[in-house]
Every structure is written in C-alpha cells, then in structure tokens.
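Now for the letters of each chain:
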Amino acid sequence: MGKVAIIGVGQSTFVRSYPGSIRELAFEGFREALKDSTMKASDIGASVVCSAPEYDKQRSPAGVLAEYLGLNPQPTFYVETLCSSSSTGLKLAYSLVASGLHDSVAVIGFQKMSEISSAESQERMGRGADIQWESPFGTMMPAYYAMHAQAHMAKYGTTSEDLALIRVKAATYGQINEKAVYRKPVTLDMFATPQSPMGGPVSSPLRVGDCCANADGSSCVIVVNEEKAKAFSKKPIWILGIGSASTSVNMAGRDILSGLTVAKESADQAYKMAGVTAKDIDVAEVHDCFTIAEMMAYEALGFAKPGEGRDLIRGKETYKEGSIPVNVDGGLLSKGHPIGATGGSQIRTIVLQLRGEAGPMQVKDPKIGLVHNIGGVGLYGNVTILGR
Amino acid sequence: MSEKKKEVDDRFKKFGTVSFTSLTKTNDFITNLEQGKISGTRCKDCGAVYFPPRADCCKCLSSNVEWFDVAGKGKLVTYSKLEYAPVGFGEDLPYSIALLDYGTYKVFGRLAKDLPENEVKVGMELKTVANKLPNGQLNYVFVKA
Ligand SMILES: [Zn+2]
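Residues numbered from 1 in each chain as written. Chains lettered and ligands numbered in written order. Predicted model: local features only at pLDDT ≥ 70, side-chain atom pairs only at ≥ 80, totals over all residues. Heavy atoms only, no water.

Re the overall build of chain B
Along chain B, the regular secondary structure elements total one helix and eight strands. N-terminal to C-terminal, the α/β element order of chain B is α-β-β-β-β-β-β-β-β. The C-alpha extent of chain B, read off along each of the three principal axes, is 60 × 40 × 25 Å. Taking all 145 residues of chain B together, 45% fall into the buried category. Sequence separation of 24 or more characterises 47% of the internal contacts of chain B that already satisfy a separation of 6 or more. For chain B, the exposed area adds up to about 7900 Å²; of that, 48% sits on carbon and sulfur atoms. Chain B carries 22 positive and 18 negative side-chain charges, and their two centres are separated by 2 Å. (Helix = DSSP H or I, 4+ residues; strand = E, 2+ residues; numbered from the N terminus. Buried < 20%, exposed > 50% of the residue type's maximum accessible area, 1.4 Å probe, protein only. Contact = heavy atoms within 4.5 Å. Areas by Shrake-Rupley, 256 points an atom, 1.4 Å probe, with all protein chains shown as cover. Lys, Arg positive; Asp, Glu negative; His and termini not counted. Charge placed at Lys NZ, Arg CZ, Asp CG, Glu CD.)

Some points on the packing of helix 5 (residues 141–156) of chain A against helix 9 (residues 291–300) of chain A
Residue and element names in this part refer to chain A. Two numbers describe how helix 5 lies on helix 9: the axes approach to 9 Å, and their chain directions differ by 55°. Relative to helix 9, the element helix 5 lies oblique. Handedness of the helix 5/helix 9 crossing: left-handed. Between helix 5, through Y145, H148, A149, H152 and Y156, and helix 9, the contact on the second element is made entirely by I292, A293, M295, M296 and E299. Considering only residue class, the contact of helix 5 with helix 9 consists of seven nonpolar, two polar and one charged. (Axes fitted to C-alpha atoms, helices over the stretch in contact; angles between N-to-C directions. Parallel < 35°, antiparallel > 145°, perpendicular 65-115°, else oblique. Left-handed = near helix turned anticlockwise from the far one by under 90°. Nonpolar A, V, L, I, M, F, W, Y, C, P; charged D, E, K, R; others polar.)

Some points on the interface of chain A and chain B
Opposite the 32 residues of chain A that make contact, chain B presents 36 residues. Both faces considered, chain A and chain B share a buried interface measuring about 2900 Å² in area, 72% of it formed by carbon and sulfur atoms. Among the residues of chain A in contact with chain B, W133, F137 and M147 of chain A are the three that bury the most area, contributing 29% of the side total. Across the chain A-chain B interface, the total number found is zero salt bridges. One can count 13 residue pairs in polar contact (both at pLDDT 80 or more) joining chain A with chain B. When residues of the side of chain A that touches chain B are traced back to their parent elements, those giving at least two are helix 4 (118–126), helix 5 and strand 5 (201–203) of chain A. With seven residues, the top contributor of residues to the side of chain A that touches chain B is helix 5 of chain A. (Buried area = accessible area lost by both parts, 1.4 Å probe. Salt bridge = Lys/Arg side-chain N within 4 Å of Asp/Glu carboxyl O. Polar contact = N/O pair within 3.5 Å; in protein donor to acceptor, adjacent residues only side chain to side chain.)

A closer look at the layout of surface pockets
All names here are of chain A. Taken as a whole, the largest pocket encloses approximately 840 Å³ of empty space. Together, 33 residues line the largest pocket, and S118, Q122, C212, A213 and N214 are the ones closest to its centre. Element by element, the count of residues in the lining of the largest pocket is highest for helix 4, at five residues. (1 Å grid on protein atoms, 1.4 Å probe; cavity = no way out; pocket = protein on both sides within 12 Å on 5 of 7 lines; lining within 4 Å. Points joined across faces, edges and corners; volume = space filled by probe spheres on them.)

Focus: the packing of helix 6 (residues 160–174) of chain A against helix 9 of chain A
The description of two helices packed together rests on the angle between their axes and the distance between the axes. Residues and elements named next belong to chain A. At a minimum axis distance of 8 Å, the contact between helix 6 and helix 9 shows a crossing angle of 100°. In terms of orientation, helix 6 lies roughly perpendicular with respect to helix 9. On helix 9, the residues touching D162, L163, I166, R167 and K169 of helix 6 are T291, I292, E294, M295 and Y298. Here the residues of the contact of helix 6 with helix 9 sort into five nonpolar, one polar and four charged.

Remarks on the packing of aromatic side chains
Remark: the centre distance and the inter-plane angle together describe each pair of aromatic rings, the angle taken between the planes. Overall, the coordinates contain 20 aromatic pairs over all chains when judged by the stated rule. For the pair W133 of chain A and F29 of chain B, a centre-to-centre distance of 4.8 Å together with 90° between the ring planes defines the contact as edge-to-face. Within this pair, whereas W133 of chain A is found in the loop between helix 4 and helix 5, its partner F29 of chain B is found in helix 1 (residues 28–34), the two belonging to separate chains. Across the pair, exposure class does not vary: W133 of chain A and F29 of chain B are buried alike. (Phe/Tyr/Trp six-rings, centres within 6.5 Å; stacked < 30°, edge-to-face > 60°.)

A short note on the sheet that holds strand 3 (residues 65–69) of chain B
Residue and element names in this part refer to chain B. Taken together, the three strands give an open sheet; going across it, the order is 2-1-3, and neighbouring strands pair in antiparallel fashion. A strand with exactly one partner marks an edge of an open sheet, and here the two such strands are strand 2 (49–50) and strand 3. Relative to strand 2, strand 1 (residues 39–43) runs antiparallel, the two being bridged by two bridges. The residue bridging T41 from the neighbouring strand is Y50, located in strand 2. (Pairing = 2+ DSSP bridges.)

A closer look at the side chain of N177 of chain A
All names here are of chain A. Here N177 shows up in the loop between helix 6 and strand 5. By relative accessible area, which is 5% here, N177 ends up buried. Aside from chain neighbours lying at most four places away, what touches N177 is R183, D329, K335 and M361.

Brief notes about the domain arrangement of chain B
Residue and element names in this part refer to chain B. When its domains are assigned, chain B resolves into domain 1 (11–69) and domain 2 (74–144). Computed over C-alpha atoms only, the centres of domain 1 and domain 2 are separated by 20 Å. In this assembly, 18 residues from domain 1 lie in contact with 17 residues from domain 2. Between domain 1 and domain 2 lies a buried interface of about 1400 Å² when both sides are counted; carbon and sulfur atoms form 67% of it. When the buried area of domain 1 at its contact with domain 2 is split by residue, T17, I38 and F51 rank highest and sum to 44% of it. (Domains from an automatic or database assignment.)

What about the coordination of the zinc ion?
All names here are of chain B. Around the zinc ion, the protein contributes the donor atoms C43 (SG), C46 (SG), C57 (SG) and C60 (SG), at 2.3 Å from the metal centre. Each of the four donor atoms around the zinc ion contributes to a set of angles spanning 101 to 116°, which defines the coordination as tetrahedral. In this structure C46 comes out as partly exposed when scored by relative accessible area, which is 40%. (Donors = N, O, S within 2.8 Å, 3.2 Å for Na, K, Ca; no water. Tetrahedral: all angles 85-135°; square planar, octahedral: opposite > 155°, others 65-115°.)

Right, dumping it as structure tokens:
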C-alpha cells in the first residue's frame, strides 16, 4: 500500500448555537482545510461526510454538502459511528487513497446539535445504546460513563477529585484555544459542594464539571497520496497507523467495566501498524467526553498501567510540559463536542502540533502524535498515529 | 374490498418506562415477565447462553433456542444514580441503573427504589425481580439477595 498523508486541516469555531444551516457550518471547516492544503475543490477526488444522524431535518447530508462545497461531480459517501464518525471517515479516506481508487479525499465532519433541547439530545444519544434492552430503563450517555467511573473507582480507588483534575487541565487549554466553546478557567473549588458551579450531581459519581458541553461545529481533513502530498505540501503529516474496533452495545456483554476494550484493541492495532509503542508518542488527543473517559484512555493507550492513570494527572504529566501531553487544546470538555466533527478536530490539533503550528498550545518539538476517538459508550473505537 | 387486519404481536411495547420497539421474536420475555420470571435464552444446538435473550445464536447460526430463568444471586458490577433523565423518564427520577454479574451472563437493569443508597456497594449480592411501573409498564429491578 502507498503512503497516505494529511495536507490540510480545518475546523469551525465550536459554539453553543450556530446561527446558520449545516451546509454553511460545514463550509467553515472545509474552507480552512482546503486553503491549508493549497488545493482547489476540483483537485479533490472524493468526499466522505461524517455525522451522527437525527440532529438535523436534512436526510442524507453528503449530497447536500458536496454540492455546497463545490465537490460535484466527484463521489461522496456518508459514514456514521456516533462520536467517532470523522475518525472513521479518516479510515475510509485512508483506504480509498491507499488502494489507489482516489488520489485525494476530503473528510468532512459536522454536527449541529442546537436545534433540539438538551433532554432531547440525551434521549437521542441514549438511543445510541441498545433501544430494546437498555434504553427502556432510562439510560443516557453520562449514566453509562458514570457506570465506568464507578467501576474504576471501586477497582482502583480513583477519586472524584482525580477526575476533577482532568477538567481543570482541559480548561487551562480551553482558555487559550480560540476555537473552543468553553473559554473560562475551572478550579477544584468549583467542584466543592453540590451547589458549586461544577459540583452539581448528574449521574453518580459524575458531576456537571465531569461532562463536556454540546456544541455545534465542523471539521475537515484533506487526505492525499504521496505524489499529491509532495506536489501540494511542504509539511505533509503521514498516517503511520490506524486501528479500529467494536464491542457489545449492551453493557451486559462487556467483560471489563473499568476500561474500554475498543480503545485497547484499536491502540494495539495502530501501534503495531506504525511500529511504535506508547513511549514514542509525543502528544495525544483523547476522547474526553467525560473526565473518566480521559482517565481510561491513559490506561488503554499505555500511557499508564491500569489503575495508575490518576498518577499522570496528579503529577501534571499530561499537561503541555509533562511527559505525555494530552488534550492541550481543551479536549472535548472545554473545546466542545460536536459529535460528527470531533474526530476531525482532534486530527487537526495533532497535525498542527506536528507541524509546529499550534501557537500557544504548542508542545516542544513533537514527532509522533496519537488520536483516540470513541463512538457511543465505548461501542466504536479508532486510534490513529500520525508522524512528520 | 376489505382486508382483514393481521394480529400483530407487539407485546414488547410493555417493556420499560418507555419502550422503543414492539416487534421482536423474543416477545415471550414479556409473558414470562408478567408471570414474575426474568428469562434469557439458551441455544439448544450449541448450548450458548444469552442475556439479554436472543432469537438467534451467532455462535452456531441456529435459531433453535429455549428460555431459562435468571435465578439466584448476582454480584453488583457497577451502578449510577441519575439526577437527570432523558425525555419520557423524568417522573422516575431519581433512579439508579446497574449491572449484575451472574457468572455466565450479566443483567443490566435498575436498582429497586427501596434499596437504601448507603447500603449499595460494588461487589454486593443482589437478585433480579419483576417489577410493575406506576404507568402500568413492566421492567425488572435488583433487590437484596
Ligand atoms: Zn448455538
């Protein structure tokens, strides 16, 4: 298989409520990525459109977006794996380019979640679980991740304060990321009591501050073969490894609750393909839809042994200056989580880091970066390893 | 010309506070639940055990399955108490969802309302019982073993 590179990345600013249509929202991420790539829309061989369905009136959004972005008559495909849709889109783009079917593919992720209420959104996300056997009990995403948190705490003695420290870190970088939806600082004091701004109970043991906010946003990643990469880019970023996995949608079908098996499985595949180990990763983006998700990611990716993730955050090892910087763009917790756009935004962050273009968030001279993007409650996982 | 309406077996619409599906080949689960039994399926060809129940066995591709009762005690794997609920479940708040491990299979459900919160501990033994909800729907809950 030929080498595959990323030569353009873009995203919209993530906002609570985008004052426009989905095609206009998608245009923002696409324009930034296309300009970044120095390509023209007519140079792009195909597009992959990624989102989680049911948030928009528009059915089959790929066709509408391809037309609006000037990507006709090239083929366009729609892919969906809930919150990991656009890293799945990246994998599809990789396959299309590596196989030689297309020399270039635009991966376009978007989500406009603001057209429905938060409770309606929870109900839709809850139906990303098993609607026959679990949703009738009144499930929602925070409750499922809370069950993972409870199991992690029971097994390893992880505390609510350990989780709050992850939120504090996210906010440190959300403040300096101009694309983030949440730009304010967060301190441990804000978790002090149930009446504190971050301390209100949501689904035990998770509190308000443990949960990411819904956001509207779009992202775009331009994926090309080696020939195009050399023709259009001075700093191509290569896809070195890409792993994916799935597991039982039912919690009843899971062997381990203190971690996500899809993350471990995807990471093992990606490390093997890239020929690197956890020690080689200089900067990472992980799927912190909830604080516990970042804690479990440390352990699944091998940054810490199972149960020792808390030592990383207590020692500030995942801060920008630490031994393994994680989510130094604010993560989903502060940057925001527009479901279909999230994976593409994570990839953008790592590409900018590897190019040395991450501005105030720049980690010192990273050579290899990793993206961990999870769909549903550990239902789908993608781990992607990128290098200069 | 009139066509006689076919009887639709939509028993599953009775499952849970809000049911999202009514047509399934595992509808006998509801009849069993009405009789106070929580049931899973076992493949008669290869012996694979399934909870939640399934009409089809993915291990040997057989659809020759039989019901068994979820009986005895399970160990509490994890749980969470919800303070917010999705649309349609607000009246039930607060409630706790939980997972019980029976060894060869696990059961996802709710903790019984009258189980004191301070007594709930991961690893404790509980059993699964049928439950009628205030709105007339059926589910099952975990009670002290
Ligand atoms: Zn079988």
